[in-house]
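Working through the structure, step by step
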Amino acid sequence: MNINIPSAPMGLIHRLNGAGYEAYVVGGCVRDAIMGRTPSDWDICTGAMPQQVIDLFSDYSVAKTGLQHGTVMVIEDGVGYEITTFRTDGAYSDHRHPDRVEFVSDLREDLARRDFTINAMAYHPERGLVDCFGGREDLAAGLVRCVGDPDQRFQEDGLRLLRALRFAARFGFQVETETGAAIHRNRSLLDSIAVERIFTELKGFLVGQGVAPLLREYRDLIAQVLPELAPMFDFEQHNPHHCWDVWEHTVRAVEAVEPEIALRLTMLFHDSGKPDCFSLDENGVGHFYRHGHRSEELAAQMLTRLRCDNRLRKQVLLQVRTHDQPLPQTEAAGRRFLNRMGEEGALRSLAVHRADMQAQAPETWPEKQALLDNAENILRDLLAKQACFGIRDLAINGNDLLTLGYRSGPALGKELNRLLEQVLDGTLANCREALLKQGEKDLVTQERS
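Below: a short report on this structure.

The rules we used
- All residue numbers refer to position in the chain's written sequence, counted from 1.
- The model is predicted, so local features are restricted to residues of pLDDT at least 70 and side-chain atom pairs to those at 80 or more, both for listing and for counting; the totals for chains, interfaces and linings are taken over all residues.
- Excluded from the side-chain calculation are hydrogens and water; included are all heavy atoms of the structure.
- Numbering of helices and strands runs from the N terminus; a helix is a DSSP stretch of H or I covering at least four residues, while a strand is a stretch of E covering at least two.
- To estimate how far a helix should reach, multiply one less than its number of residues by 1.5 Å.
- One fitted axis covers the seven residues ending at a residue, a second covers the seven starting there, and the bend at that residue is the angle between these axes.
- Under the scheme applied here, a residue whose accessible area is under 20% of the maximum for its type counts as buried, over 50% as exposed, and between as partly exposed, the area being computed with a 1.4 Å probe on protein chains only.
- Any two residues whose heavy atoms approach within 4.5 Å at even a single point are treated as in contact.
- For this analysis, a polar contact is any N or O atom pair within 3.5 Å, provided that within protein one partner can donate a hydrogen and the other can accept it, and provided that sequence-adjacent residues contribute only side-chain to side-chain pairs.
- The term nonpolar core refers to a set of buried residues drawn from Ala, Val, Leu, Ile, Met, Phe, Trp, Tyr and Cys, joined through side-chain atoms within 4.5 Å.
- Salt bridge, as applied in this entry: a Lys or Arg side-chain nitrogen positioned within 4 Å of an Asp or Glu carboxyl oxygen.
- By definition, two strands form a pair when at least two bridges between them are found by DSSP.
- To get an axis, fit a line to the C-alpha atoms, keeping to the stretch in contact for a helix; angles then go from 0 to 180 degrees between the N-to-C directions.
- Any two of the Phe, Tyr and Trp rings considered here, Trp counted by its six-membered ring, make a pair once their centres fall within 6.5 Å; the pair's planes then place it as stacked at under 30 degrees, edge-to-face at over 60, or tilted in between.
- Working rule: Lys NZ or Arg CZ, within 6 Å of ring centre, within 35 degrees of ring normal, means a charge sits over the ring.

**Brief notes about helix H17 (residues 331–358)**
Across its 28 residues, H17 extends only 25 Å between first and last C-alpha, which sits more than 12% below the 40 Å expected from 1.5 Å per residue. At Gly342, H17 is bent by approximately 105 degrees, the largest bend along its length.

Pasting the structure below:
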């Protein structure tokens, strides 16, 4: 097989080869190229020692930040290419990083230390593919398999537990049986991993095309990271709108929504509060009053612990809090909905409601779909017309009110909000003349009172 290596990394390989050193592209770029995907970066492994690499590329800009692990980054045309010396790893006392590395001359030894077979392949433009552990076969079979003993691989680096799921979800692969068993056995290793790294892997996992079966099979691993979700497992809803337990409903909702991280996190968390809010009425029907509020509390707790950035956190919590609230069915309600949610939030809310519906009992879909379609038509029509749903959209501003005789300060803001309320209700047109006329009336009323 042939892999088309771009000219820049090809030039680096040729220079290393010309100086008498073995060099190959390695890892994810080889995997992606075999799969017909465009690699995002090209990493190189070589028999040259780090200092030899530095000396050989003295005419390049070179970053030495990974030098302790044998990695030199050579920068060409603003793009960094990692060149790493063949190595084996010593003990991993922190279950994350090797205490020491040993440089070796054998490419096979270097490949043997890597995480998964699909990432343990190297390629040379003249010597072809080097695949010592069956990575190409596993790609063809759609399997994520550890190189060598899976328990050892995970004990070396606990983050590999989530990386395995991320790769499986991304490519729609299955986790090989022994590797999967080791994931269950070693899940407690995640307790010692930095939450920032866990969240990065979790986000990559959640937006993968094959996330649903993995959420089912590895729910114990998910609960290791997010124990707040465990009460949903096998929790029956006893409600005619639901034919699945809370966790299965959640899995289906995650799968049904677009693979955008704010939406996927919303669907993962949206019913997390249900077990705490469950009640059974005299007819044996289950209810979950105010579960949106409780779900928001739990989601906030989880996102804070994961050190989620504020923007994503706010997006997710807004949708979790409002996921079970009715969608607007009139134009006036649509304007208020846009005022409350914002354009981005309103469109996300449509996606959340649609995914939530698709994870409920199919016989309940037609009525809900009709309401959803009507709401979407209303909201998109308002947005297309650039309807007013915020103070910034009013045809006048604070300066116009000052000209009418209003004083600067809180009263100015109150009047703008008063005018906006009437526009949202549809009782006042959002045109300059009408707004100024109403502003004059309000000013006279205030002066008389």
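**Quick word on the environment of Ile83**
You can see Ile83 is positioned in strand S5 (residues 79–85). On the basis of relative accessible area, Ile83 is assigned to the buried category, the value being 1%. Here the alpha-carbon distance between Ile83 and Phe199, two residues 116 residues apart in the chain, equals 27 Å. Not counting the four nearest positions on each side in its chain, Ile83 is found in contact with Leu12, Leu16, Ile44, Thr46, Val53, Phe57, Gly70, Thr71, Val72 and Val74.

**Describing the side chain of Asp271**
Along the polypeptide, Asp271 turns up in the loop between helix H13 (261–269) and helix H14 (274–277). Of the polar contacts made by the side chain of Asp271, one reaches the side chain of His249; its length is 3.1 Å. Here the side chain of Asp271 touches His291 through a polar contact of 3.1 Å, side chain to side chain. When sequence neighbours within four positions are dropped, the list of residues in contact with Asp271 reads Met232, Val246, His249, Thr250, His291, Ser295 and His323.

**Quick word on the nonpolar core**
Counting 91 residues, the largest nonpolar core has Phe205, Leu226 and Phe269 as its most contacted members. Residue contributions to this core peak at eight residues, all from helix H7 (residues 160–171). If you look at the next biggest cluster of nonpolar residues, it comprises 30 residues, including Phe337, Leu383, Leu394 and Leu420.

**Thoughts on unusual backbone geometry**
Residue Asp77 is not a glycine yet carries a positive backbone phi of 50 degrees. Structurally, Asp77 can be placed in the loop between strand S4 (71–76) and S5. On the basis of relative accessible area, Asp77 is assigned to the exposed category, the value being 75%. In this structure, Asp234 takes a positive phi of about 60 degrees despite not being glycine. Within the element layout of this structure, Asp234 appears in the loop between helix H11 (219–225) and helix H12 (246–256).

**Brief notes about the pattern of salt bridges**
Inspection of every chain in the model, using the stated rule, returns 35 salt bridges. When the shortest N-O distance is used, the salt bridge between Arg163 and Asp115 registers 2.8 Å. Taken together, the positions of Arg163 in helix H7 and Asp115 in the loop between helix H4 (107–112) and strand S8 (122–124) put the pair 48 residues apart, joining distant regions of the chain. Overall, Asp115 belongs to the buried group, its relative accessible area being 7%. Between Glu344 and Arg311 there is a salt bridge, with its nearest N and O atoms 3.7 Å apart. Of the two residues, Glu344 sits in helix H17 while Arg311 sits in helix H16 (residues 310–322), which places them 33 residues apart along the sequence. Relative accessible area serves as the criterion here: at 41%, Glu344 is assigned to the partly exposed category. Given a relative accessible area of 57%, Arg311 falls into the exposed group. It is possible to trace a salt-bridge network through shared partners that takes in Glu260, Arg311, Glu344 and Arg348.

**Thoughts on the pairing of strand S1 (residues 23–26)**
Residues of S1 alternate between two faces, with Ala23 and Val25 on one and Tyr24 and Val26 on the opposite face, all of them buried. Pairing analysis gives four bridges linking S1 to strand S2 (residues 43–46), with the strands arranged antiparallel. Paired with Ala23 across the bridge in S2 is Thr46. Looking at chain direction, S1 and S8 are connected through two bridges and run antiparallel. Along S8, the bridge assignment pairs Val25 with Tyr123.

**Structural notes on the sheet that holds S8**
Read from one edge to the other, the open sheet built from seven strands follows the order S3-S4-S5-S2-S1-S8-S9, with strand pairing classed as mixed. Here the strands that pair on one side only, and so sit at the sheet edges, are strand S3 (61–63) and strand S9 (128–130). When the angles between neighbouring strand axes are averaged without regard to direction, this sheet yields 35 degrees. With three bridges joining them, S3 and S4 adopt antiparallel strand pairing. If you follow Ala63 over to S4, its bridge partner there is Met73.

**As for H13**
Of all the nine residues making up H13, nine are buried; the element is thus mostly covered by neighbouring parts of the structure. Within H13 the residues assigned to the buried category are Ile261, Ala262, Leu263, Arg264, Leu265, Thr266, Met267, Leu268 and Phe269. Buried residues in H13 make contact with helix H9 (195–206), helix H10 (211–217), H12, helix H15 (291–305), H16 and H17.

**Examining the packing of aromatic side chains**
Enumeration according to the criterion identifies seven aromatic pairs in this entry. Plain terms: the ring middles of Phe57 and Tyr60 are 5.4 Å apart, the flat faces sit at 80 degrees to each other, and that makes the pair edge-to-face. Judged by centre distance (6.3 Å) and plane angle (15 degrees), the ring pair of Phe167 and Phe171 falls under stacked. One end of the pair is Phe167 and the other is Phe171, both in helix H7 and four residues apart, which spans about a single turn. Judged on exposure class, the residue Phe167 and its partner Phe171 are both buried. One aromatic cluster in this structure is built from Phe116, Phe167, Phe171 and Phe173. Above the plane of the ring of Phe199 lies Lys203, whose end atom (NZ or CZ) is 4.5 Å from the centre. Directly above the aromatic system of Trp244 lies the positively charged group of Arg252, at a separation of 3.8 Å from the ring centroid.

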